Amino acid sequence: MRTRGATVAPCPMSNSQIRSRMLNVRRLLNEDVHVSLGTDVSGGASPSMLAAIREALKTSNMVSVYEGDAAANEFPPLTFAEAYWLSTKGGARALGVDRLTGDLTPGSLFDALVIDPDAPGSPLDLYEGDTALEAFQKWLQLGDDRNKRAIYVHGRPVYPE
């Protein structure tokens, strides 16, 4: 797969629902295989990329326990940042548009989700002293549509309309 430049785009939720095993994403990343994150509503329970990120993190924790050598720190679980990267930049790379979208670098299309962790009814609890990274991690684990303040596609606001 590495030699051909292929990308593996697992849907951890689907993999667990249809019992097709847990993919060791860390092993693929260590072997320089391109990986992104996908959703598969044929076997999964949600088309939400946020749900896919959460499942990827859970699956990665389980793979680390069952396949890794803790003493050697073999196959450490994915970090929040890595799982998010797989769903954004990794997905753009899989589609061959990584120089166009998937991040916020100058020259890229401005596709963005603006999150409000303090939105009315928010499921997040932020505390004094929480860093931006901690707020981001809380949103990845607990956030939902109530936290969505704005969505931009190609630089244009599409939500709210």
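Provided above is the structure to which this section pertains.
Within every chain, residues take consecutive numbers counted from 1 along the sequence as written. It should be noted that, the model being predicted, local features are given only for residues of pLDDT at least 70 and side-chain atom pairs only at 80 or more, the latter also being counted only at that level, while totals for whole chains, interfaces and linings use all residues. Side-chain numbers come from the whole structure's heavy atoms, not from hydrogens or water.

**A closer look at the packing of helix α3 (residues 49-67) against helix α4 (residues 80-87)**
Applicable threshold: Between N-to-C directions, angles span 0 to 180 degrees; the directions come from axes that are lines fitted to C-alpha atoms, helices contributing only their stretch in contact. Helix and strand assignments follow DSSP, with helices taken as H or I runs no shorter than four residues and strands as E runs no shorter than two, numbered in order from the N terminus. Oblique is the label for every angle not falling under 35 degrees (roughly parallel), over 145 degrees (roughly antiparallel), or within 65 to 115 degrees (roughly perpendicular). For a crossing to be left-handed, the near helix must be turned anticlockwise from the far one by less than a right angle; the clockwise case is right-handed. By the convention used here, residues are in contact when the closest approach between their heavy atoms is within 4.5 Å. Amino acids are sorted into nonpolar (Ala, Val, Leu, Ile, Met, Phe, Trp, Tyr, Cys and Pro), charged (Asp, Glu, Lys and Arg) and polar (every other residue, Gly among them).
Interhelical geometry of α3 versus α4 gives an angle of 135° and a closest axis separation of 10 Å. It follows that α3 is oblique to α4 by the angle criterion. The handedness of the crossing between α3 and α4 is right-handed. Here Met49, Ile53 and Leu57 of α3 lie close against α4, whose contacting residues are Phe80, Ala83, Tyr84 and Ser87. A breakdown of the residues in the contact of α3 with α4 according to their chemical character gives 6 nonpolar, 1 polar and no charged.

**Side note on the packing of aromatic side chains**
The description of an aromatic ring pair rests on the distance of the ring centres and on the angle between the ring planes. In plain terms, the rule: Aromatic contacts are taken between Phe, Tyr and Trp rings whose centres are within 6.5 Å, Trp giving its six-membered ring; a plane angle under 30 degrees counts as stacked, one over 60 as edge-to-face, and the others as tilted. In this scheme, a residue with accessible area under 20% of its type's maximum is buried, one over 50% is exposed, and one in between is partly exposed, where area comes from a 1.4 Å probe on protein chains only. Definition used: whenever NZ (Lys) or CZ (Arg) falls within 6 Å of the ring centre and also within 35 degrees of the ring normal, the charge is taken to sit over that ring.
Following the criterion strictly, the structure yields 3 aromatic pairs and no others. A centroid spacing of 5.1 Å and a plane angle of 90° characterise the contact between tyrosine 84 and phenylalanine 136, whose relative ring orientation is edge-to-face. In this pair, tyrosine 84 is assigned in helix α4 and phenylalanine 136 in helix α6 (residues 132-142), connecting sequence segments 52 residues apart. In this structure tyrosine 84 comes out as partly exposed when scored by relative accessible area, which is 32%. Grouped by ring-pair contacts, the aromatic residues Tyr84, Phe136 and Trp139 constitute a single cluster. A cation sits over an aromatic face here: lysine 148 above tyrosine 159, 4.8 Å from the ring centre.

**A few points about the layout of surface pockets**
The cut-off we apply is this: Only protein atoms enter the 1 Å grid used here, on which a cavity is any set of points holding a 1.4 Å probe that cannot leave and a pocket is any open set flanked by protein within 12 Å on both sides along at least five of seven lines; residues with an atom within 4 Å of a point are listed as lining. Grid points are joined across faces, edges and corners, and a volume is the space filled by probe spheres set on the points.
Taken as a whole, the largest pocket spans an internal volume of roughly 1000 Å³. Taken together, 37 residues form the lining of the largest pocket, with Tyr84, Thr88, Ala112, Leu113 and Trp139 sitting closest to its centre. Elements supplying a minimum of two residues to the lining of the largest pocket: α3, α4, α5 (89-94), β3 (112-115), α6 and β4 (148-153). Per-class residue counts for the lining of the largest pocket are 23 nonpolar, 7 polar and 7 charged.

**Description of the nonpolar core**
Operational definition: The nonpolar core is taken to be a set of buried Ala, Val, Leu, Ile, Met, Phe, Trp, Tyr and Cys residues, with the residues joined through side-chain atoms within 4.5 Å.
With 17 residues, the main nonpolar core has Leu37, Ile53 and Leu86 as its most contacted residues. Counting residues per element, the ones that place at least two in this core are α2 (25-30), α3, α4 and α6. The greatest single-element share of this core, amounting to 5 residues, is contributed by α3. Residues in contact with leucine 37, not counting those within four places in the same chain, are Pro10, Pro12, Met49, Ala52, Ile53, Ala56, Ala83, Leu86 and Ser87.

**Points about α6**
Definition in use: Directions drawn from the helix axis to the C-beta atoms are what define this arc.
When we look at burial in α6, the residues that qualify are Ala135, Trp139 and Leu140. Buried positions in α6, seen along its axis, are confined to an arc of 140° and lie on one side of it. On its buried face, α6 is in contact with α3, α4 and β3.

**Details of empty space enclosed by the protein**
Following the criterion strictly, the structure yields 1 cavity of 30 Å³ or more and no others. Looking at the largest cavity, it is lined by 20 residues, and the ones nearest its centre are Leu23, Val25, Ala56, Ser60 and Leu78. Listing elements by their share of the lining of the largest cavity, those giving two or more residues are α1 (12-17), α2 and α3. If you tally residues by element for the lining of the largest cavity, the top one is α3, at 5 residues. Taken together, the residues of the lining of the largest cavity break down into 13 nonpolar, 6 polar and 1 charged.

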